[in-house]
Amino acid sequence: MSEPALLDIQTADTRVDLKGLLPEELQAFISTLGKERYRTKQLLAWIYGRGAASFDDMTDLSRGFRAELSERARLSHLTEVLRTRSSDGKAVKFLFALSDGLQVESVLMFEKDRRTLCISSQVGCPLDCTFCATGRMGLLRNLTAAEIIDQVLAIRRELVAGDDDLTNIVMMGMGEPLLNYDAVTRAIRLMGLEMGPCLSAKKVTLSTAGHVPGILRLAEEGLKVGLAVSLNATVDEMRTRIMPINRKWPIADLLDAVRRYYRRIGRRVTFEYVLLAGENDADADADRLIALVRGIPCKINLIPWNPIASPGPRHQRPSQARIDAFADRLRASHLTVSVRYSKGDDIGAACGQLITNPQEGRG
Ligand code: SAH
């Protein structure tokens, strides 16, 4: 007779994770404990303001209350695995482990008067753009709101200790934010908390590869987040070749959605345009780009392609002369253009280089 099977049942932690709850949800939790309303504010300040890692850190709460909290609730947090600083000191890449062992990256960028944090929204990405390293991973999973906001909290905690702070957030790390809409918008709301990071939607830019329903939903919701759209090509055939998402939402539909976003939100849109030598960097491309964005209040960020490894260099970065000529052509049509020489390309922290499989990434 065989022995009764020993079931390997993991005792699921049924305690509610307080990180990632919106203020009203935290309030509801606090009232189930029969506690006073001001407790919610105290907790919000600890979790989102001071970035407490555990209830034990919350020293102005009574021991009894902290014990009660630990019984009923938990406070998830990311674990920093690795930190790499670029040689010019202007970018720091953080590798974080999630509770299931998967990893994501965030990049902190130092500019004159800005501290911009680039955060991830998914582990990997399903979109498979040919020029981007993250796409090589495929989608492993969506991040939770707690995991998204915690990239901000963990990094901010340290900056604040050094008398500094974040000024801007860009959702341009791993993943397509609009494919993880609920968690992403929840995290954006938490970033804006006055007693938290206090980074209002004005300070946050969300970048999309062109997920039209997501853009329309953002417009409907009226979350005044900055919108960046990775356009990257001016004709559908080419765009579909490098960005398969274009098959579903071609350029005309995408630009219609962008126009609607602008009408509703009133914020100038950013178009990102990765420059790929011999593919989308000709004068004719610049002229088509000018025509496409006509009438849309926008700025254009040109990103000379950053090399990535595997499956080999299918793309090339244009020469400096070509980059300049392309930018000048747009400027001559009175477009606002900046060329983004990505920070941190020596540490695989530049646009399109984020990948959490150490063998791949930078080329
Ligand atoms: N999925 C979203 C968020 C990622 S943002 C989006 O596509 O917008 C990452 C930005 O870097 C995008 O504008 C993308 O077009 C750009 N990018 C990706 N790979 C790149 C590379 N190898 N070199 C330069 N830019 C790259």
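Residues numbered from 1 in each chain as written. Predicted model: local features only at pLDDT ≥ 70, side-chain atom pairs only at ≥ 80, totals over all residues. Heavy atoms only, no water.

Okay, helix α5 (residues 181-191) next. The element α5 is extensively covered by neighbouring structure, given that eight of its eleven residues are classed as buried. Among the residues making up α5, those that are buried are Tyr181, Ala183, Val184, Thr185, Ala187, Ile188, Leu190 and Met191. (Buried < 20%, exposed > 50% of the residue type's maximum accessible area, 1.4 Å probe, protein only. Helix = DSSP H or I, 4+ residues; strand = E, 2+ residues; numbered from the N terminus.)

Here Asp281 is to be found in the loop between β12 (269-275) and α10 (283-293). One buried charge, Asp281, has no salt-bridge partner; the nearest side chain with opposite charge is Arg322, at 5.1 Å. There is a polar contact of 2.9 Å between the side chain of Asp281 and the backbone nitrogen of Gly278. Aside from chain neighbours lying at most four places away, what touches Asp281 is Leu275, Leu276, Pro318, Arg322 and Phe326. (Lys, Arg positive; Asp, Glu negative; His and termini not counted. Salt bridge = Lys/Arg side-chain N within 4 Å of Asp/Glu carboxyl O. Polar contact = N/O pair within 3.5 Å; in protein donor to acceptor, adjacent residues only side chain to side chain. Contact = heavy atoms within 4.5 Å.)

In terms of domain boundaries, the chain breaks down into domain 1 (17-74) and domain 2 (79-347). Of note, the centres of domain 1 and domain 2, computed from C-alpha atoms alone, are 33 Å apart. Taken together, the contact pairs 17 residues of domain 1 with 14 residues of domain 2. Both faces combined, the contact of domain 1 with domain 2 buries some 1200 Å², and carbon together with sulfur accounts for 67% of it. Close ionic contact of Lys19 with Asp150 constitutes a salt bridge, the shortest N to O distance being 2.9 Å. On the surface where domain 1 and domain 2 come into contact, there are six residue pairs in polar contact (both at pLDDT 80 or more). (Domains from an automatic or database assignment. Buried area = accessible area lost by both parts, 1.4 Å probe.)

Moving on, we get to the nonpolar core. Across soluble globular proteins, nonpolar side chains show a tendency to be buried alongside one another. Judged by nonpolar contacts, the single largest core of 118 residues is most densely connected at Leu18, Met191, Phe271 and Leu330. Top contributing element to this core by residue count: helix α4 (residues 145-161), with eight residues. Counting contributing residues per domain, this core is built from domain 1 (17-74) and domain 2 (79-347), each supplying no fewer than three. Not counting residues up to four positions away in its chain, the partners in contact with Phe271 are Val229, Leu231, Leu255, Val258, Val293, Ile296, Cys298, Lys299, Ile300 and Asn301. (Core = buried A, V, L, I, M, F, W, Y, C linked by side-chain atoms within 4.5 Å.)

Following both chains from N to C, one finds helix α1 (residues 23-32) and helix α2 (residues 38-49) inclined at 125 degrees, their axes separated by 9 Å at the closest point. Our classification of the angle between α1 and α2 gives oblique. In this structure, α1 meets α2 at a crossing whose hand is right-handed. Between α1, through Pro23, Leu26, Gln27 and Ile30, and α2, the contact on the second element is made entirely by Arg39, Thr40, Leu43 and Leu44. (Axes fitted to C-alpha atoms, helices over the stretch in contact; angles between N-to-C directions. Parallel < 35°, antiparallel > 145°, perpendicular 65-115°, else oblique. Left-handed = near helix turned anticlockwise from the far one by under 90°.)

So, about the pattern of salt bridges. Scanning all chains against the criterion turns up 21 salt bridges. Across the salt bridge formed by Glu80 and Arg83, the nearest N and O atoms sit 2.8 Å from each other. Look at Glu80 and you get partly exposed, because its relative accessible area is 36%. Arg83 sits in the partly exposed class, given a relative accessible area of 35%. For Arg156, the salt bridge is made with Asp165, and the minimal N-O distance between the two is 2.9 Å. Given a relative accessible area of 10%, Arg156 falls into the buried group.

If you trace the ten strands from one edge of the open sheet to the other, you get β3-β4-β5-β6-β9-β10-β11-β12-β13-β14, paired in mixed fashion. One side of each edge strand has no neighbouring strand; the edge strands of this open sheet are β3 (79-85) and β14 (336-339). If you compare each strand with its neighbour and ignore which way they point, the axes differ by 20 degrees on average. Alignment of strand β6 (residues 115-118) against strand β9 (residues 168-171), held across three bridges, turns out to be parallel. When the bridges of β9 are listed, Cys118 appears paired with Val170. On the sheet, α5 packs against β9 and β10 (204-208) and is oriented at approximately 165 degrees with respect to β10. (Pairing = 2+ DSSP bridges.)

Quick look at the confidence of the model for the chain now. For the chain, the mean per-residue pLDDT works out to 93, and 94% of the residues sit at or above 70. The low-confidence segment residues 1-9 (pLDDT under 50) makes zero contacts with residues lying over four places distant or belonging to another chain. Confidence drops under a pLDDT of 50 for residues 358-363, and excluding neighbours within four residues, the segment shows 18 contacts in the predicted structure. (pLDDT = per-residue confidence, 0-100.)

For the rest of this paragraph, the subject is the environment of Ile245. Looking at where Ile245 falls in the secondary structure, it is placed in helix α8 (residues 245-248). For Ile245, a relative accessible area of 8% translates into the label buried. Considering only alpha carbons, one finds Ile245 and Leu216, 29 residues apart in sequence, at a separation of 16 Å. Filtering out sequence-adjacent residues up to four positions away, Ile245 remains in contact with Leu127, Ala209, Gly210 and His211.

Here the phi dihedral of Asp128 falls at roughly 60 degrees; this positive angle occurs in a residue that is not glycine. You can see Asp128 is positioned in the loop between β7 (122-124) and β8 (139-142).

Among the 19 residues in the neighbourhood of the ligand, the closest are listed as Phe131, Ser207, Ser230, Asn306 and Gly352. Between Gly175 and the ligand, the recorded distance is 3.1 Å, taken from a backbone N or O atom to a nitrogen atom. Glu272 places a side-chain nitrogen or oxygen 3.1 Å from an oxygen atom of the ligand. At the level of elements, β10 and β12 are the ones that each hand at least two residues to the shell around the ligand. (Near = heavy atom within 4 Å.)

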